[in-house]
Amino acid sequence: MSNQAADQDSVLAKIKKCLKLSKSSNANEAQVALRQAHALMKKHNLSMNDVELSEIVTAQVNADTKTKVPDWTAELIRVIAVLLECEVMFNRFIGGNKKMIINFVGAKENTEIAVYTFTVLYRALKKQRKDFIAEQAAQKRLSPANKVRIGDAFCQGWVIAVREKIKDLIQQKKTPEEQAFADRVQSYVHQKTKSVTMKPTSRSKQGLAKYAQEGFRDGSNVDLHIGVHSKGKKQALLTQVNK
C-alpha cells in the first residue's frame, strides 16, 4: 500500500469515527462530531459516497480453472457468498497461468472469512473427488469423459449437503443499516461487472444419482459454524472436514 493510500485510509477512519459519534445521545457531542466529519471531508476532498465505498472490500482467491467455472464450483461459491453476505465477481488473471479469479465483495471480515472457507472446502472437495473417481475406476473401466461425469455428480451431491447444513446459519433478517450496506455492495458489483447469476445445483442426471448420493453422504461430514463476539458480528467461520 502506498503512503498516499495509507494516509487516505487514516483520514477515512477518522471520518467514520466522527460519524459514529455523531449518533451519540449527547446532542452537543453529536453536533461537534458531525462538524468534524464534514470538515475532514471538505479538507481532503472526500464525499459521503467515498466514505461508504471505503467500507466495501474485495478479497480474491484463485478458482483453479482457465475456462468456465464448473457448476459445482459455482454453487460452492454461491453457498459461501450467501452465508457470509458477500457478492461475487469473476475475472481472468493476467499472468502466466491466466486462471480465473474469484472476488468476494463485502465487509472486510466477511470477505476474508469467505476466502478462507472457500479455500478449505474447495481443497477438501477436490481431494475427495479425486479419491472417489479412483475408487470407482478400480471397480470398473471408465473413460475420461465418464470420470468427469461421475466426479461432477459426486461434487454436486457434496455441495448440496453443505448447502443444507448452512440453512440455519444464514441471517434471515437484516437491520436497516445492514440492508443499506448490502444494497451498496450490490450496486458496486453491478457497476464493476455484469451480474453473475449462480443458480442452485440441480438434481443429477439419470444414471448419476447414486454418485451424487455418495457425495451428499461425504458432504454431510463437513462441520460449519460461525463464531460470534459480544456485539453479535461474525468473527470467524470454522470449518472441519471429516471423512
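Our subject in this report is the structure included herewith. (Residues numbered from 1 in each chain as written. Predicted model: local features only at pLDDT ≥ 70, side-chain atom pairs only at ≥ 80, totals over all residues. Heavy atoms only, no water.)

## Digging into the overall build of the protein chain
Just so we agree on the cut-off: Every helix listed is a DSSP run of H or I at least four residues long, and every strand listed is a run of E at least two residues long, numbered separately from the N terminus. Classification of residues uses two cut-offs on accessible area relative to the type maximum, computed with a 1.4 Å probe and protein chains only: under 20% is buried, over 50% is exposed, and between them is partly exposed. Working rule for contacts: check all heavy atoms of both residues, and any pair within 4.5 Å makes them a contact. We get accessible surface area from the Shrake-Rupley algorithm with a probe of 1.4 Å; when it comes to residues, only the shown protein chains can shield them.
Within the protein chain, the secondary structure is distributed over eight helices and five strands. If you list the helices and strands of the protein chain from N to C, you get α-α-α-β-α-β-β-α-α-α-α-β-β. Counting only residues that meet the buried cut, the protein chain has 37% of its 243 residues in that class. Considering only contacts within the protein chain whose residues lie at least 6 apart along the sequence, 72% involve residues at least 24 apart. Of the roughly 15,000 Å² of accessible surface on the protein chain, 51% is carried by carbon and sulfur atoms.

## Quick notes on unusual backbone geometry
Unusually for a residue other than glycine, Asn-45 sits at a positive phi of about 55°. Note that Asn-45 resides in the loop between helix H2 (27-43) and helix H3 (48-53). Notably, Glu-85 is not glycine yet its phi reads approximately 55°, a positive angle. Within the secondary structure, Glu-85 is located in the loop between helix H4 (71-83) and strand E2 (87-92). We classify Glu-85 as partly exposed; its relative accessible area is 26%.

## Side note on the packing of helix H6 (residues 144-165) against helix H8 (residues 209-219)
Quick note on the threshold: Here, axes are lines fitted to C-alpha atoms. For helices the fit covers the stretch in contact, and angles between N-to-C directions go from 0 to 180 degrees. By the definition adopted for this analysis, an angle is roughly parallel if under 35 degrees, roughly antiparallel if over 145, roughly perpendicular if from 65 to 115, and oblique otherwise. We call a crossing left-handed when the near helix sits turned anticlockwise from the far one by less than a right angle, and right-handed when that turn is clockwise.
The N-to-C vectors of H6 and H8 enclose an angle of 40°; their axes lie 6 Å apart at closest approach. By the criterion of interaxial angle, the relationship of H6 to H8 is oblique. The two elements H6 and H8 cross, and the hand of that crossing is right-handed. Within the contact between the two elements, H6 uses Ile-150, Ala-153, Phe-154, Gln-156, Gly-157, Trp-158, Ile-160, Ala-161, Val-162, Glu-164 and Lys-165 and H8 uses Tyr-211, Ala-212, Glu-214, Gly-215, Phe-216, Asp-218 and Gly-219.

## Let's talk about H2
Every α-helix carries 3.6 residues per turn, so stepping three or four residues along brings you back to the same face. We apply this condition: Here, expected helix span is obtained from the residue count minus one, scaled by 1.5 Å. Our arc is simply the arc of the directions from the helix axis toward the C-beta atoms. Counting of polar contacts relies on pairs of N or O atoms within 3.5 Å, with two restrictions inside protein: one atom must be capable of donating a hydrogen and the other of accepting it, and residues adjacent in sequence are counted only when both atoms are side-chain atoms.
With 17 residues, H2 extends 24 Å between its outermost C-alpha atoms, agreeing within 8% with the 24 Å of an ideal straight helix rising 1.5 Å per residue. Among all positions in H2, only Ala-30, Ala-33, Ala-37, Leu-40 and Met-41 are buried. Each buried residue of H2 sits inside an arc of 100° when the element is viewed along its axis, so together they form one side. Opposite the buried face of H2, at more than 90 degrees from it, the exposed residues are Ala-27, Asn-28, Arg-35, Lys-42 and Lys-43. In this structure Asn-26 caps H2, since a side-chain oxygen of it lies 3.1 Å from the backbone nitrogen of Asn-28. Backbone geometry just downstream of H2 places Asn-45 in the positive-phi region, at approximately 55°.

## Observations regarding the packing of aromatic side chains
Applied cut-off: Pairing of aromatic side chains requires ring centres within 6.5 Å, counting the rings of Phe and Tyr and the six-membered ring of Trp. Pairs whose planes differ by under 30 degrees are stacked, by over 60 edge-to-face, and all others tilted.
Under the defined criterion, the tally for this structure stands at four aromatic pairs. Note on Phe-118 and Tyr-122: the rings are 4.9 Å apart at their centroids and 15° apart in plane angle, and the pair reads as stacked. You can see Phe-118 and its partner Tyr-122 sitting in helix H5 (residues 108-139), four residues apart, about one turn around the helix. For the residue pair Phe-118 and Tyr-122, the accessibility class agrees, reading buried in each case. Measuring from ring centre to ring centre gives 4.5 Å for Phe-132 and Phe-154, while their planes differ by 20°; the resulting arrangement is stacked. You can see Phe-132 sitting in helix H5 and its partner Phe-154 sitting in helix H6, a full 22 residues away along the chain. Of the two residues, Phe-132 and Phe-154, neither departs from the other in class, the shared state being buried.

## A short note on the nonpolar core
Rules: Residue types Ala, Val, Leu, Ile, Met, Phe, Trp, Tyr and Cys, when buried and joined through side-chain atoms within 4.5 Å, form a set referred to as a nonpolar core.
Core analysis: the largest hydrophobic core is formed by 39 residues, its most contacted members being Ile-80, Ile-102, Phe-104, Phe-118 and Trp-158. Broken down by secondary-structure element, the contributors of at least two residues to this core are strand E1 (57-62), H4, strand E3 (100-106), H5, H6 and strand E4 (222-228). Apart from residues lying up to four places away in sequence, Trp-158 is in contact with Leu-121, Leu-125, Gln-128, Gly-215, Phe-216, Asp-218, Gly-219 and Val-222. Core analysis: the second largest hydrophobic core is formed by ten residues, Val-11, Ala-37, Leu-40 and Leu-46 among them.

## Details of the pattern of salt bridges
For clarity, the threshold we go by: The salt bridge definition used is simple: a Lys or Arg side-chain nitrogen within 4 Å of an Asp or Glu carboxyl oxygen.
Considering all chains together, one arrives at nine salt bridges under this definition. Across the salt bridge formed by Arg-217 and Glu-214, the nearest N and O atoms sit 3.1 Å from each other. Residue Arg-217 and its partner Glu-214 are located together in helix H8, separated by three residues, close to a single helical turn. With relative accessibility at 29%, the residue Glu-214 sits in the partly exposed group. One salt bridge in this structure joins Asp-218 and Arg-217, with 3.2 Å as the shortest N-O distance. Of the residues examined, Arg-217 reaches a relative accessible area of 48% and is grouped as partly exposed. Within the structure, one salt-bridge network assembled from shared partners comprises Glu-75, Arg-78 and Arg-163.

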